[in-house]
Amino acid sequence: MSLERINPPGLSPAGGFSHAVAATGSRLVFLAGQTALDADGKVTGDGLVEQFETALTNLLAALAAAGGTPHDLARVTVYATDVADYRRHAGALGRVWHRLAGRDYPAMAVIGAVRLWDEQALVELDGVAVLP
């Protein structure tokens, strides 16, 4: 299995994402949207950064249960209820990503959402991984 991260020089610099990811492997894992839910199904964390950390931890736990690692992520979509707030916290969110998932970035998008399934949730992440 391999993931090739592609960032063409003619596009804007890829900071915190890859413009494209070419995947070669034998097993696709589709990761359901994860919010800051704890084991009891309650949203934890009052702020975006804290909720992002829990949501990413949950996403990576699901990936690990399927036999994958953060390096196997080919695509992650972030749904944020306040994109301006997400942009304001981009540095802190990037530090959380580096600590939990490393510096191999998947193809990513941030999409503004009026509301998420869990009413108190500020952010949700889903993804696709390619495993050997």
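Residues numbered from 1 in each chain as written. Predicted model: local features only at pLDDT ≥ 70, side-chain atom pairs only at ≥ 80, totals over all residues. Heavy atoms only, no water.

Caption draft 1: Broad picture of the overall build of the protein chain. Counting its secondary structure elements, the protein chain contains three helices and six strands. Sequence-ordered secondary structure for the protein chain, helices as α and strands as β, is β-β-β-α-β-α-α-β-β. Over its C-alpha atoms the protein chain spans a radius of gyration of 14 Å, differing by no more than 12% from the 14 Å that the globule rule assigns to 132 residues. For the C-alpha atoms alone, the extent of the protein chain along its principal axes is close to 35 × 35 × 25 Å. Relative to its 132 residues, the protein chain shows a buried fraction of 34%. For the protein chain, long-range pairs separated by at least 24 residues make up 74% of all intrachain contacts whose partners lie at least 6 apart in sequence. If you sum the accessible surface of the protein chain, you get close to 7100 Å²; carbon and sulfur atoms cover 54% of it. (Helix = DSSP H or I, 4+ residues; strand = E, 2+ residues; numbered from the N terminus. Rg over C-alpha atoms; globule rule 2.2 N^0.38 Å. Buried < 20%, exposed > 50% of the residue type's maximum accessible area, 1.4 Å probe, protein only. Contact = heavy atoms within 4.5 Å. Areas by Shrake-Rupley, 256 points an atom, 1.4 Å probe, with all protein chains shown as cover.)

Caption draft 2: Representation of the pattern of salt bridges in the model. Applying the stated criterion to the full structure yields three salt bridges. A salt bridge links R88 to D85; the nearest nitrogen and oxygen atoms lie 3.5 Å apart. In this pair, R88 and D85 both sit in helix α2 (residues 83-88), three residues apart, roughly one turn of the helix. The partner of R115 in a salt bridge is E119, with the nearest N and O atoms 3.5 Å apart. (Salt bridge = Lys/Arg side-chain N within 4 Å of Asp/Glu carboxyl O.)

Caption draft 3: Representation of the packing of helix α1 (residues 48-65) against helix α3 (residues 90-101) within the structure. Interaxial distance between α1 and α3 falls to 10 Å at its minimum, and their mutual angle equals 25 degrees. On the basis of their axis angle, the class for α1 and α3 is roughly parallel. Crossing of α1 over α3 shows right-handed handedness. Within the contact between the two elements, α1 uses L48, V49, F52, E53, L56, T57 and L60 and α3 uses A92, L93, V96, W97, R99, L100 and A101. Partitioned by chemical class, the residues of the contact of α1 with α3 number eleven nonpolar, one polar and two charged. (Axes fitted to C-alpha atoms, helices over the stretch in contact; angles between N-to-C directions. Parallel < 35°, antiparallel > 145°, perpendicular 65-115°, else oblique. Left-handed = near helix turned anticlockwise from the far one by under 90°. Nonpolar A, V, L, I, M, F, W, Y, C, P; charged D, E, K, R; others polar.)

Caption draft 4: Focus on the packing of aromatic side chains. One pass over the full model with this rule turns up one aromatic pair. When the ring of F52 is compared with that of Y86, the centres are 6.4 Å apart and the planes differ by 70 degrees; the resulting orientation is edge-to-face. You can see F52 sitting in helix α1 and its partner Y86 sitting in helix α2, a full 34 residues away along the chain. In this structure, F52 and Y86 share a single accessibility class: buried. (Phe/Tyr/Trp six-rings, centres within 6.5 Å; stacked < 30°, edge-to-face > 60°.)

Caption draft 5: View of the environment of A66. In this fold, A66 is placed in the loop between α1 and β4 (73-80). A C-alpha to C-alpha distance of 9.8 Å links A66 and F30, two positions 36 residues apart in sequence. With residues up to four places along the chain from it excluded, the contact list for A66 reads R27, V29 and L131.

Caption draft 6: Structural view of the nonpolar core. In terms of nonpolar packing, the biggest core is built from 25 residues, with F52, L56, L73, V76, W97 and L125 touching the most fellow members. Of all the secondary structure elements, the ones that give two or more residues to this core are β3 (27-34), α1, β4, α3 and β6 (123-131). For this core, the element with the most residues is α1, which contributes seven residues. What L125 contacts, discounting residues up to four positions off in sequence, is A32, G33, Q34, F52, A55, L56, L59, V76, T77 and V78. (Core = buried A, V, L, I, M, F, W, Y, C linked by side-chain atoms within 4.5 Å.)

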